[in-house]
Amino acid sequence: MKRMFVTVAAVLLGIGAVYAQQDVVNQRQTSMKENGKNIGGVLGAMAKGEKPYDQAAVDAAVAKLAENAKTMGTLFPENTKGLKADGKYSASPKIWENRADFDSHIASYTKAVNEVAAAGIKNLDALKAAVPALGKQCSGCHETYRLKEG
Ligand code: HEC
């Protein structure tokens, strides 16, 4: 009886670990979706003139990007290799095969975001310069490390 209890507990612990890993996958997708919304829906839309320039919204979007950049490195632990959520994308196994290169993409992106955040975007011209500079960093990582599903 005691042994059975131990086995059941071990299985439950194992299931708990899988949930935790799935949670990390969900967290990184949420974080990435926020990045997409901030750069595309907010900053990019203003840069293209689809939305009027709004300083408070610009500042909030940049702050959110910088905040999300801080945790990006923690959202790709090795034990999430091969795990997917319902998103249109998934993380390529290459992340864990070339971890140093992946981390250098995170570092380069984080540096770019922090520079923009430190300087602040103060007008439309600065916004028009910042959006493609940041966008290049996003796609520079995605082209190697993000897979499209389906
Ligand atoms: C260091 C690499 C890296 C950087 C930098 C990066 N991403 Fe990602 N992104 C990924 C990976 C890997 C995935 C797939 C994650 C998954 O599905 O588990 C992803 C997924 C996404 C998704 C899809 C989310 C979903 O599930 O629908 C969006 C949108 C996105 N990123 C936007 C951005 C934007 C915008 C930036 C820049 C502001 C950015 N990313 C910067 C690696 C990166």
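Residues numbered from 1 in each chain as written. Predicted model: local features only at pLDDT ≥ 70, side-chain atom pairs only at ≥ 80, totals over all residues. Heavy atoms only, no water.

### Some remarks on the coordination of the iron atom of the ligand
Phase 1: Taken together, Met 32 (SD) and His 142 (NE2) make up the full set of protein donors to the iron atom of the ligand, lying 2.0 to 2.4 Å away.
Phase 2: For the iron atom of the ligand, the six donor atoms in the first shell make angles of 87 to 179° at the metal, a pattern classed as octahedral. With a gap of 110 residues between them, Met 32 in helix 1 (residues 2–47) and His 142 in helix 5 (residues 124–145) connect regions that are remote in the sequence.
Phase 3: Taking the relative accessible area as the measure of exposure, Met 32 reaches 29% and is therefore partly exposed. (Donors = N, O, S within 2.8 Å, 3.2 Å for Na, K, Ca; no water. Tetrahedral: all angles 85-135°; square planar, octahedral: opposite > 155°, others 65-115°. Helix = DSSP H or I, 4+ residues; strand = E, 2+ residues; numbered from the N terminus. Buried < 20%, exposed > 50% of the residue type's maximum accessible area, 1.4 Å probe, protein only.)

### Things to note about the packing of helix 1 against helix 5
Phase 1: Relative to each other, helix 1 and helix 5 sit at 145°, their axes nearing to 9 Å. Once helix 1 is placed against helix 5, the crossing between them reads as left-handed. Contacts between helix 1 and helix 5 pair Met 32, Ile 39, Leu 43, Gly 44, Met 46 and Ala 47 from the former with Leu 124, Leu 127, Lys 128, Val 131, Leu 134, Gly 135, Cys 138 and His 142 from the latter.
Phase 2: Classifying every residue of the contact of helix 1 with helix 5 by side-chain character gives ten nonpolar, three polar and one charged. (Axes fitted to C-alpha atoms, helices over the stretch in contact; angles between N-to-C directions. Left-handed = near helix turned anticlockwise from the far one by under 90°. Contact = heavy atoms within 4.5 Å. Nonpolar A, V, L, I, M, F, W, Y, C, P; charged D, E, K, R; others polar.)

### Here's the deal with the nonpolar core
Phase 1: Among the nonpolar cores identified, the biggest contains 31 residues, and Leu 43 and Phe 76 are the most heavily contacted of them.
Phase 2: Only helix 1, helix 2 (55–72), helix 3 (94–97), helix 4 (99–119) and helix 5 provide two or more residues apiece to this core.
Phase 3: For this core, the leading source of residues is helix 2, giving seven residues.
Phase 4: If near-sequence neighbours (up to four positions away) are discounted, Phe 76 is found in contact with Arg 28, Met 32, Ala 91, Ile 95, Trp 96, Arg 99 and Phe 102. (Core = buried A, V, L, I, M, F, W, Y, C linked by side-chain atoms within 4.5 Å.)

### Topic: the packing of aromatic side chains
Phase 1: Under the counting rule described, the total for this entry stands at two aromatic pairs.
Phase 2: Look at Phe 76 and Phe 102: their rings are 4.9 Å apart centre to centre, the planes differ by 75°, and that puts the pair in the edge-to-face class. Here the residue Phe 76 occupies a position in the loop between helix 2 and strand 1 (89–91), and Phe 102 occupies one in helix 4, the gap between them amounting to 26 residues.
Phase 3: Using a relative accessible area of 2% as the deciding quantity, one classes Phe 102 as buried.
Phase 4: The interplanar angle of 75° and the centroid separation of 5.2 Å between the aromatic rings of Phe 102 and Tyr 145 together place this pair among those described as edge-to-face. Taken together, the residues span a long stretch of sequence, with Phe 102 in helix 4 and Tyr 145 in helix 5 at a distance of 43 residues. Both residues of the pair, Phe 102 and Tyr 145, belong to the buried class.
Phase 5: Joined through ring pairs, the aromatic side chains of Phe 76, Phe 102 and Tyr 145 make up one cluster. (Phe/Tyr/Trp six-rings, centres within 6.5 Å; stacked < 30°, edge-to-face > 60°.)

### Quick look at the packing of helix 4 against helix 5
Phase 1: For the pair helix 4 and helix 5, the least separation of the axes is 10 Å and the interaxial angle reads 170°. Taken together, the axes of helix 4 and helix 5 lie roughly antiparallel to each other. For the element pair helix 4 and helix 5, the recorded crossing hand is left-handed. For the pair helix 4 and helix 5, contact is made by Asp 101, Phe 102, His 105, Ser 108, Tyr 109, Ala 112, Val 113 and Val 116 and by Ala 130, Leu 134, Gln 137, Cys 138, Gly 140, Cys 141 and Tyr 145, respectively.
Phase 2: Residues of the contact of helix 4 with helix 5, tallied by class, amount to ten nonpolar, four polar and one charged. (Parallel < 35°, antiparallel > 145°, perpendicular 65-115°, else oblique.)

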